Structures are given as C-alpha cells and as structure tokens.
Amino acid sequence: MTTFKSAIISTFFITVTMILSLSVRAEPVEISIQGNKAYAEITLPGDITADITLTFENTVGLTKDSIGISAELVDFNALSFLSRLSDPLSIVPAVAFPMMITVEPLSTSGFAFEGLASVDIHTHNLEYTASTPLRFFKAPLNGEFKDITVTMGAGSYRARGSTGKFSQFIIAADLRPVMTVVDNKFADLQAALVGFSSQIAPGVYTQLSQLVSDIDQSIASDQLNDATKKLNQLKQLISNHRGLDIPDVWRSSRDIDNVAGELLAYANTLRFSLRLAQ
C-alpha cells in the first residue's frame, strides 16, 4: 500500500538552491499559513478585494512561497477570455468583481497534499441573495472554466468549492437552466471516471461505473433525490478506497494524479446542482 508519506517522499529532496529560487510575487496578496490552511487577502486596483482560504486534509511543504497564490484584474470582454467559457452568453463573469485568482505552486516548491482541498472565497464587491446565479468557477491554466460550487452564503458574497488540483478561479453568473448544469456536471464526472480508469483497481472501478450508470438513469427519469443518494454512495465508495485502490495525492512535481480528490470534487459540485434542481 502506498501511503501519503511514501507518495510524497521525493518532495523532501528539494535543495536550498531551489527554495531560494522561488519567485517573489508582485501582486498585492497577503498570505498566511496555519497548519493545513492557507489564507490570502487580496487587494487590487479599483478597490477590488477578496479573501480566499484553502483547507487541506494533510500537507507537506505548505508555506507562503510554495502555495503559489496570485491575483489579477481581467478584461472579461477579451476574446482570449471569452474563449475559455463554454457558453459566453449564459456564463457571465461578475463585472463588479473582475478578479482572477491563480493557485499554481511551482514544480520545485516541494508542496503536496492528500485528498480533497476546499477553497473558500469571500468578497465585499458582490452581494448575496437567495436566488443569486453567482457561482464559483475553476479552470486549468488557460483552460475552460467550470462551476465547482459546493455551497454559497451571505456576508456580501461567499462561496466554497472543492478540488483535487489547482489553477485559476473566478466568480460568474451562470444563467443556464439548472438541469443543463446538472447534465454537464454529470458528463464531467463520467468522463473523469473513464479517464482515470487505468489508475483505479478493476473491482473498484466496476463498482464506481455501476453507480455512475445508476445516477445517470435516476437523472434521466427525473428521480433527483434518488440520484443524490446514489451520488452519496459513490462518494463513500471513493472515500473507502482512496489511497489504497484509488490514488489520492497531488504534488507540485505533477507526476501523479489525485484521482480520488478530482472524482470527489466533481461529485460534490454535482450534488450542489442536484439540490438546486429539486
């Protein structure tokens, strides 16, 4: 059995030269570390502000430098940005909050984490209402943004997402019908499971595939409560086998996949949308 410590043991062999070579970020981001949490306060021109908290189950090498948090103002009308939205007419970035946050640890930073990472964002530039279409989106560097929202709440606007890896985050209004969102999130979960199939123990993969098929049938027949129950079973099965039959470590060298973390993240945001649809 590969343990967390053995999976990230190579991260300890980071030389002093590598550590000293970490770039100092010029962006106005104040970062603090407490245990397995990284907290950043961000202030950009135009009084665009936010705080973001990343909470991990277990980490190695988590420091202000290794976490790699930066932020920038974005022109949401630029074609280069619009091309990163699957439906630019229905997914509308929040113009009052033109901030994109990047979490991209350097490959030499020696940072690693186990399982699922929770990402909480809060900003006073937006207001929360019970029917708000605002959602928390994540994308790989220069890739397509996808909704990762798990919860939302008041206090101006705050939201939580989860992830098994990083890159860039924005807040946008999602004007698509909720069942369209459900269908898209289910397709992402299904595609991720298939894509990771070679890294999952065959017997466990068979069980996961059956549950995904059951969830699909429940959604197709509008049995959304049943779909949620099956989704919870899927999450439990992943949790029971992670680290044993399903890889569950991310590290900055990016030489392994955090399969369990990614599958759980897809399941979490699908469950959020299923609740909205019920």
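These figures come from a predicted structure and were not determined experimentally.

Asks: Just give me the short version of the sheet that holds strand β4 (residues 58-60), but keep the residues and values in it.
Replies: Consider a sheet: its strands pair through backbone hydrogen bonds, and that pairing is either parallel or antiparallel. With antiparallel pairing, 3 strands are arranged side by side in an open sheet as β4-β8-β15. Each of the sheet's edge strands pairs with one partner strand only, and the pair in question is β4 and β15 (249-251). For this sheet, the mean angle separating the axes of adjacent strands, direction not counted, is 15 degrees.

Asks: Residues and numbers for the sheet that holds strand β2 (residues 37-44), please.
Replies: Taken together, the 6 strands give an open sheet; going across it, the order is β1-β2-β3-β9-β13-β12, and neighbouring strands pair in antiparallel fashion. Every other strand in the sheet has two partners, leaving β1 (29-34) and β12 (149-153) as the edge strands with one partner each. Taking each pair of neighbouring strands and ignoring which way they run, the sheet shows an average axis angle of 15 degrees. Where β1 meets β2, 6 bridges bridge the pair, whose relative direction is antiparallel. Residue pairing in the sheet places V29 in a bridge with I42 of β2. Relative to the sheet, helix α7 (residues 259-277) contacts β12 and β13 (157-163), its axis offset from that of β12 by approximately 50 degrees.

Asks: Provide a residue-level description of the pairing of strand β14 (residues 168-174), including the pertinent values.
Replies: Counted residue by residue, β14 has 7 buried out of 7 residues, so it is predominantly covered. The two faces of β14 match: Q168, I170, A172 and D174 on one face and F169, I171 and A173 on the other face are all buried. As paired strands, strand β6 (residues 91-93) and β14 are joined by 3 bridges and run antiparallel to one another. Bridge assignment links I91 to a residue of β14, and that residue is D174. Pairing geometry for strand β10 (residues 134-139) and β14, over 6 bridges, is antiparallel. Across the sheet, R135 pairs through a bridge with A172, a residue of β14.

Asks: Give me the pattern of salt bridges: which residues, what numbers.
Replies: Tallying each qualifying case throughout the model produces 10 salt bridges. Note that E104 and R254 form a salt bridge whose closest N and O atoms lie 3.0 Å from each other. Residue E104 is found in the loop between β7 (99-103) and β8 (112-114), and its partner R254 is found in the loop between β15 and α7; the two are separated by 150 residues along the sequence. Taking the relative accessible area as the measure of exposure, E104 reaches 19% and is therefore buried. Owing to a relative accessible area of 36%, R254 belongs among the partly exposed residues under this scheme. In the salt-bridge network here, residues are joined through shared partners; they are E57, R242 and D248.

Asks: Which residues make up helix α6 (residues 224-241), and what values do they have?
Replies: Compared with the 26 Å implied by 1.5 Å per residue over 18 residues, the 26 Å span of α6 between its first and last C-alpha is a close match. Residues of α6 that are buried: L224, A227, T228, K230, L231, L234, K235, L237 and I238. Residues of α6 that are buried make contact with α4 (178-195), α5 (202-220) and α7. In the stretch just after α6, G243 is the one whose phi turns positive, near 85 degrees.

Thresholds applied
- Residues numbered from 1 in each chain as written.
- Predicted model: local features only at pLDDT ≥ 70, side-chain atom pairs only at ≥ 80, totals over all residues.
- Heavy atoms only, no water.
- Pairing = 2+ DSSP bridges.
- Helix = DSSP H or I, 4+ residues; strand = E, 2+ residues; numbered from the N terminus.
- Axes fitted to C-alpha atoms, helices over the stretch in contact; angles between N-to-C directions.
- Contact = heavy atoms within 4.5 Å.
- Buried < 20%, exposed > 50% of the residue type's maximum accessible area, 1.4 Å probe, protein only.
- Salt bridge = Lys/Arg side-chain N within 4 Å of Asp/Glu carboxyl O.
- Expected span 1.5 Å × (residues − 1).

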